[in-house]
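Each chain is listed here by its residues.
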Amino acid sequence: MNFREKHQERRPRDLHDISHLFLSSAHSAAVAAPPHALVALACADDGPWRAFAGAGLARALESAGLDVTLLETGRALPNAGFYFALGPGAYLRPVLDPRAVVSGPPAGPLRFHYARDPSRLPLPPREGGVPGRARIVIFAFSRSAVGTRPAVPSIFRDLLSATSGREPQAPDGSDPHGGRVALVTAGPDDPDRYLGAVRGSFEEEFPGAPVLALYGADGGDDPGAARGAITAGMARRCPPALDLFGGIAASLLQRLARGREAAG
């Protein structure tokens, strides 16, 4: 048996195998990850990247055993409610009322809120959640949520305080965030490299925090999903499959766990 044949035999053969491998590895990483974490999900403006990536990453992390809240903001539709199969009267409300907040419990303990204006998003409660589960909040946004400024919206600081249960400390030469924050970029970078600029801004504000990329021209970890499979999945009105987002979710949890260990 040559190397190629041996490698092919070990490759997952179907979605059940992929899901099993992801869940078995991600559960271990979830146990080691910090009990509270906040992830900024910066997305390309072209296509439904913000909604699709937000729904996919949230579902993958919830499947790994985490208590997940997805907060999404931006002017373009659809929002993640489309992929969570909420009724049109729910996910299309902002068309008639720009001040509307779309909310829904898509599945299990996963919670979801969308608002065109980030200031209208509810802050996660400091207490509560699912007993025994690490808590993670995903804040998904695109350029339309912040104008032309290539940075994570200012509400991220308020979310960090609410997620961690305490006020963020001032930088003092050490990592004050203890592996509690991360950035994931999703989608192809636009010509003026908006996503790349967001990465740079985030790394300056949170040095040493995990930064990963999904289908980006701006580098980062390869989640192991084919580009064609991701873009094809965008047309389906259902949560993205684990084989598309399981890899990036597992990498994120492992990086957060390492950050927690480094912070002591």
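Here is what the cut-offs are and how they apply
Residues numbered from 1 in each chain as written. Predicted model: local features only at pLDDT ≥ 70, side-chain atom pairs only at ≥ 80, totals over all residues. Heavy atoms only, no water. Helix = DSSP H or I, 4+ residues; strand = E, 2+ residues; numbered from the N terminus. Buried < 20%, exposed > 50% of the residue type's maximum accessible area, 1.4 Å probe, protein only. Pairing = 2+ DSSP bridges. Core = buried A, V, L, I, M, F, W, Y, C linked by side-chain atoms within 4.5 Å. Contact = heavy atoms within 4.5 Å. Polar contact = N/O pair within 3.5 Å; in protein donor to acceptor, adjacent residues only side chain to side chain.

Observations regarding the environment of Gln254
- Within the secondary structure, Gln254 is located in helix α10 (residues 242-263).
- By relative accessible area, Gln254 is classed as partly exposed at 35%.
- Along the primary structure Gln254 and Pro210 are separated by 44 residues, whereas in three dimensions their C-alpha atoms are 9.6 Å apart.

Concerning the pairing of strand β5 (residues 135-142)
- With respect to burial, β5 is a largely interior element, eight of its eight residues being buried.
- Residues Arg135, Val137, Phe139 and Phe141 of β5 are buried on one face, and the alternating residues Ile136, Ile138, Ala140 and Ser142, pointing to the opposite face, are buried as well.
- In this structure, strand β1 (residues 36-43) lies alongside β5, joined through eight bridges in parallel fashion. Looking at β5, one finds that Cys43 is bridged to Ser142.
- Sheet analysis places strand β2 (residues 67-73) next to β5, joined by six bridges and oriented parallel. Bridge pairing in β5 places Thr69 opposite Val137.

Some details on the nonpolar core
- Ranked by size, the top nonpolar core spans 70 residues in total, and within it Leu61, Phe139, Phe156 and Phe202 carry the most contacts.
- Take this core: its biggest share by element is nine residues, from helix α3 (residues 49-63).
- Setting aside its immediate chain neighbours within four residues, Leu61 contacts Leu66, Val68, Ile136, Ile138, Ala249, Leu252 and Leu253.

Here's the deal with the side chain of Glu72
- Its place among the elements puts Glu72 in strand β2.
- Residue Glu72 is classed as buried on the basis of its relative accessible area of 0%.
- A distance of 2.6 Å separates a polar atom in the side chain of Glu72 from a polar atom in the side chain of Arg50.
- Not counting residues within four places of it along the chain, the set of residues in contact with Glu72 comprises Arg50, Ala51, Pro78, Asn79, Ala80, Phe112, His113, Tyr114, Ala115, Leu121 and Ala140.

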